[in-house]
Amino acid sequence: MATYSLAALADYTGSTLQGDGALCFASVAAIDQASVNDLSYVRGGKYRHYLETSTAGALILPPELATNYAGSCLVNTDPYLAYAKIVALLYPVPRPTAGIHPSAVIAADVVLGEGVSVGAHAVIKAGTVLEAGAMIGAGCVIGENCHVGAQTRLYPRVTLAYQTQVGQRCIIHSGAVLGADGFGFAPDRGMWYKIPQVGNVVVGDDVEIGANTTIDRAALGSTRIGNGVKLDNLIQIGHNTQIGDYTAIAACTAVAGSVQVGKHCQIAGMCAIAGHLSIADRVIVTGTSMVSHSITEAGVYSSGTSVTENAVWRKNAARFNQLDKLARRVVALEKQLADLHNKDLD
């Protein structure tokens, strides 16, 4: 494992060095578990009290915490980002050796760029292009006429259905399925007639897609995932949905079909977004929210109720069911008061 001096890490992260720049580190650890050989960080909040007891060899701190810290540290206005850069430097992701495993099944006309890696039992069908440095994990299935960009990595058991297009430097984790049929059925005399889904999925550059996330192919046209989008595990993206650049969506969220999500949005976990809606740029939706109408302005949006004692919740639920009657009574009383007021004026 590579070792770096604190001075070198300061230069690498654009931080200000405070203390002994000759200290060397090859590992990071949580602030409450770090030893003298580890680098850790605090960005404030509930962890700031660990500054007094931490045994870490050095810390990454914001300026307001570094002022009164006696130990060695890197001072950065964004300690979390500095920490992330250091972790990436100290713990590089292993890259598979370039080459084709003997058990892989690859169609004769597949285009393989320089330095491509294809793992055991992968299947790559006709007309597909893998650009330079693409990494295809064991057991992946790539359908006909797909395109995988340079340096993109598919972890084991990823499925790209036919005509799926993935950009450069993407990461797709195990179990993800891109390009399965969208959920489209027409009612037919009490039954369902399947609507052919003849579009595809197009993924931009620098996208990360979590394990077991599914992105449906479009009925017509393309389901599009913009550049720099980050999708967590277990997310469902419906057909023809468009996710704007640099939007992040947390686990277990479901986005129905034909939704337009703007750029730089943050959608928390377990949200549900109804179909055919649009969400403006820079919208934040908090956890477990149900989005049932379009959001036209940037801001923070929430729905649902927070957890409470069951007895209190049951009372609140009962009263919620009485709200319509109560509202009607209020309207009637207001009308009666208005009528009395008008009589007095007469």
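Scroll up for the structure.
What counts and what doesn't
- Residues take numbers from 1 onward in each chain, read along the sequence in its written order.
- In keeping with the model being predicted, local features are shown solely for residues with a pLDDT of at least 70 and side-chain atom pairs are shown and tallied solely at 80 or more, while totals for entire chains, interfaces and linings include all residues.
- Hydrogen atoms and water are omitted, and side-chain values are computed over all heavy atoms in the structure.
- Only DSSP runs of H or I with at least four residues qualify as helices, and only runs of E with at least two residues qualify as strands; both kinds are numbered from the N terminus onward.
- Using C-alpha atoms as the atom set, the radius of gyration is obtained and then compared with a globule rule of 2.2 Å times the number of residues to the power 0.38.
- The classification of residues rests on relative accessible area computed with a 1.4 Å probe and restricted to protein chains. Under 20% of the type maximum is buried, over 50% is exposed, and intermediate values are partly exposed.
- Any two residues having at least one pair of non-hydrogen atoms within 4.5 Å are treated as being in contact.
- Residue burial considers only the protein chains on display, and all accessible areas are found by Shrake-Rupley using a 1.4 Å probe.
- The sign given to each residue is positive for Lys and Arg and negative for Asp and Glu; His and the chain ends receive no count.
- To locate a charge, take atom NZ for lysine, CZ for arginine, CG for aspartate or CD for glutamate.
- At least two bridges found by DSSP between two strands are what make those strands a pair.
- Each axis is a line fitted through C-alpha atoms, and for a helix only the stretch in contact is used; angles between axes span 0 to 180 degrees, taken between their N-to-C directions.
- Take the far helix as the reference: if the near one is turned anticlockwise from it by less than a right angle, the crossing is left-handed, and if turned clockwise, right-handed.

(A) Structural context of the overall build of the chain. From N to C terminus, the chain includes five helices and 38 strands. Here the C-alpha atoms of the chain give a radius of gyration of 27 Å, more than 25% beyond the 20 Å that 2.2 N^0.38 yields for 346 residues. Overall size of the chain, expressed as C-alpha extent along the three principal axes, is 90 × 65 × 35 Å. A burial count over the chain gives 38% of its 346 residues as buried. The contacts in the chain between residues at least 6 apart in sequence include a share of 20% that link residues at least 24 apart. Accessible surface, the chain as shown: approximately 18900 Å² in total, 56% of it carbon and sulfur. Separation between the mean location of the 24 positive side-chain charges and that of the 27 negative ones in the chain comes to 8 Å.

(B) Layout of the sheet that holds strand β11 (residues 123-124). As summarised here, the arrangement of the 10 strands in space is β8-β11-β14-β17-β20-β25-β28-β31-β34-β37, forming an open sheet in which the pairing is parallel. Strands with a single pairing partner mark the edges of an open sheet, and in this sheet they are β8 (105-106) and β37 (290-291). Relative to β11, β8 runs parallel, the two sharing two bridges. What sits directly across from isoleucine 106, in β11, is isoleucine 124.

(C) Expanded view of the packing of helix α1 (residues 6-13) against helix α3 (residues 79-90). One can describe the packing of α1 onto α3 by two numbers: an axis separation of 10 Å at closest approach and a directional angle of 115 degrees. Crossing angle aside, the handedness with which α1 passes α3 is right-handed. Touching Leu9, Tyr12 and Thr13 of α1 are Ala82, Lys85, Ile86 and Leu89, all from α3.

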